[in-house]
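Close look at the chain arrangement
Below are the chains, spelled out letter by letter.
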Amino acid sequence: MEFNALDKLQVGQSRVLTVSEVTALWGETDPQYSPANAIAALQNALPQEEYEGLFPYRIGTQAWHEYSAGKPHYRGDETDYYSYDNLVAAITEVANLKYKVEYREAHPDNNRVFRLDKATKTETLIYQNAAFDSAESEAALIISQTVDFGSFIKEGTDLNRKRELAAFLANIAHETGGGTPASPGFPLAWGLYWNEEISCINTTGIHYVEENDSFPPAPGKSYHGRGPIQLSWNYNYGLISAIIYGTKDKLLQEPEMIVQDGKLAFMTALLFWMTPQPPKPSAHDVMAGSWTPSDTDRAKGLSQPGFGITIMIINGNLEGNLDESDRRIARRVGLYRIIAARMGISTEGEKLNTAGMSPF
């Protein structure tokens, strides 16, 4: 079978593949990872009533409006941004996408990234390091990692799947948490209170901007934390935009879209959660039990799959090698324990904090 050489695609270009080409280049597509199965997976793990009970003060709810009215950050027209419906819609939409990162052996930064729309079989090259096809690189073996975004909370044992959802919710609840220790139901009830970095709300400052040839910032735009994972930096906005839309420009030009659309916000968090960033694995692979630590990982104390590794993936440079005496670790771990207990699962045997771990 013959098909066009991948290195002939330019960044931003697409092509429609045949069924056999999809299988050859992307592997078999598991039917259980289809968008149609996304709703059932979430409902089986955490029904709507239980989700809403976890986060009663999430932004845009009645409780949020009653508490926030009159405060500087208050917006009277805010709707239920982190609604269960928005979460379902986000999981369903990303389930139609696959992602592939290829990198030169021993050089994970020398990589290229593809996107596949499973419905239309359209493949797009969304990023390529300038040196990927250089004469110096061509002799090096290409390592490939493929992600089917429809596999969220659908891999591993039933315990793995529920732990993954609990870990995802605990981390985003921490990233967006409001309230104070004196607030009723603190800290869990106050998860998902914010949808934007607090210091940047109602300001015109420009933050988290870095020169980047592949994902250049748009003039006057700020790439501060937005959405449940607090997506930050123009290169992350550009990559996530390319995965969602097939073009980096959408979120680079309009980063504020994330605070205007709860479904889109959840999509950015899910994609960040599911996407490996070599040498980092994805948080999904860690929780699903499909990650095997390398010798380098083990030397850094990154050897026990579990919630602690997800913290290292998300914020290891600032929260590595810490136990629960650190308030950030204590809040993440505390949220995870509470959510897991509400879901009827145990965290026994998991490494929950980051003590003894160095960044990837």
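Here goes a summary of the coordinates provided. Remember, it's a predicted structure, so these values are computed and weren't measured experimentally.

What to know about the packing of helix α5 (residues 84–94) against helix α10 (residues 262–274)
Between α5 and α10, whose axes approach to 8 Å, the crossing angle comes to 55°. Viewed along their axes, α5 and α10 adopt a mutual orientation that is oblique. In this structure, α5 crosses over α10, and the sense of that crossing is right-handed. Taken together, the residues of α10 that come into contact with α5 (itself represented by N86, L87, A89, A90, I91, E93 and V94) are G262, K263, F266, M267, L270 and L271.

Observations concerning the sheet that holds strand β4 (residues 122–128)
Pairing is antiparallel in the open sheet, where 5 strands are placed in the order β1-β4-β3-β2-β5. Lying at the two open borders of the sheet, with one neighbouring strand each, are β1 (14–16) and β5 (142–148). Neighbour-to-neighbour, the strand axes of the sheet open up by a mean angle of 20°, direction not taken into account. The sheet contact formed by strand β2 (residues 97–104) and β5 spans 7 bridges and is antiparallel. Paired with E102 across the bridge in β5 is S144.

A few points about helix α2 (residues 38–45)
Within the span of α2, buried status applies to A38, A41, L42 and A45. Looking down the long axis of α2, one finds its buried residues gathered within 90° of arc, a one-sided arrangement. Against α5 and α6 (158–175) lie the buried residues of α2.

Observations concerning the side chain of D297
Along the chain, D297 falls in helix α12 (residues 295–299). Buried and unpaired, D297 has K300 as its nearest opposite-charge partner, separated by 6.3 Å. Every residue in contact with D297, bar those within four places of it in the chain, is listed here: W291, L302 and F360.

Let's talk about the pairing of strand β3 (residues 107–117)
Taking burial as the measure, the 11 residues of β3 include 8 buried ones, the bulk of the element. Where β2 and β3 come together, 8 bridges link them in antiparallel fashion. Bridge assignment links R104 to a residue of β3, and that residue is H107. Pairing analysis gives 6 bridges linking β3 to β4, with the strands arranged antiparallel. Across the sheet, R112 pairs through a bridge with Q128, a residue of β4. The hairpin turn running from β3 into β4, its antiparallel successor, is 4 residues long, and K121 in that turn takes a positive phi close to 60°.

Concerning helix α14 (residues 327–342)
Taking 1.5 Å per residue as the helical rise, α14 with its 16 residues ought to reach 22 Å, and the 22 Å between its terminal C-alpha atoms agrees with that figure. Along α14, the residues classified as buried are I329, R331, R332, V333, L335, Y336, I339 and A340. Where α14 is buried, its residues touch α3 (48–54), α6, α11 (283–288) and α13 (307–319). Sitting at the amino-terminal end of α14 is D326, which places a side-chain oxygen 3.0 Å from the backbone nitrogen of R328. Positive phi appears at G344, one or two residues downstream of α14, with a value of about 80°.

With respect to the pattern of salt bridges
Following the criterion strictly, the structure yields 17 salt bridges and no others. The closest approach of N and O atoms between E78 and R75, which form a salt bridge, is 2.6 Å. On the basis of relative accessibility, which here comes to 22%, the residue R75 falls in the partly exposed class.

What counts, and where the lines are drawn
Residues numbered from 1 in each chain as written. Predicted model: local features only at pLDDT ≥ 70, side-chain atom pairs only at ≥ 80, totals over all residues. Heavy atoms only, no water. Axes fitted to C-alpha atoms, helices over the stretch in contact; angles between N-to-C directions. Helix = DSSP H or I, 4+ residues; strand = E, 2+ residues; numbered from the N terminus. Parallel < 35°, antiparallel > 145°, perpendicular 65-115°, else oblique. Left-handed = near helix turned anticlockwise from the far one by under 90°. Contact = heavy atoms within 4.5 Å. Pairing = 2+ DSSP bridges. Buried < 20%, exposed > 50% of the residue type's maximum accessible area, 1.4 Å probe, protein only. Arc of directions from axis to C-beta. Lys, Arg positive; Asp, Glu negative; His and termini not counted. Salt bridge = Lys/Arg side-chain N within 4 Å of Asp/Glu carboxyl O. Expected span 1.5 Å × (residues − 1). Polar contact = N/O pair within 3.5 Å; in protein donor to acceptor, adjacent residues only side chain to side chain.

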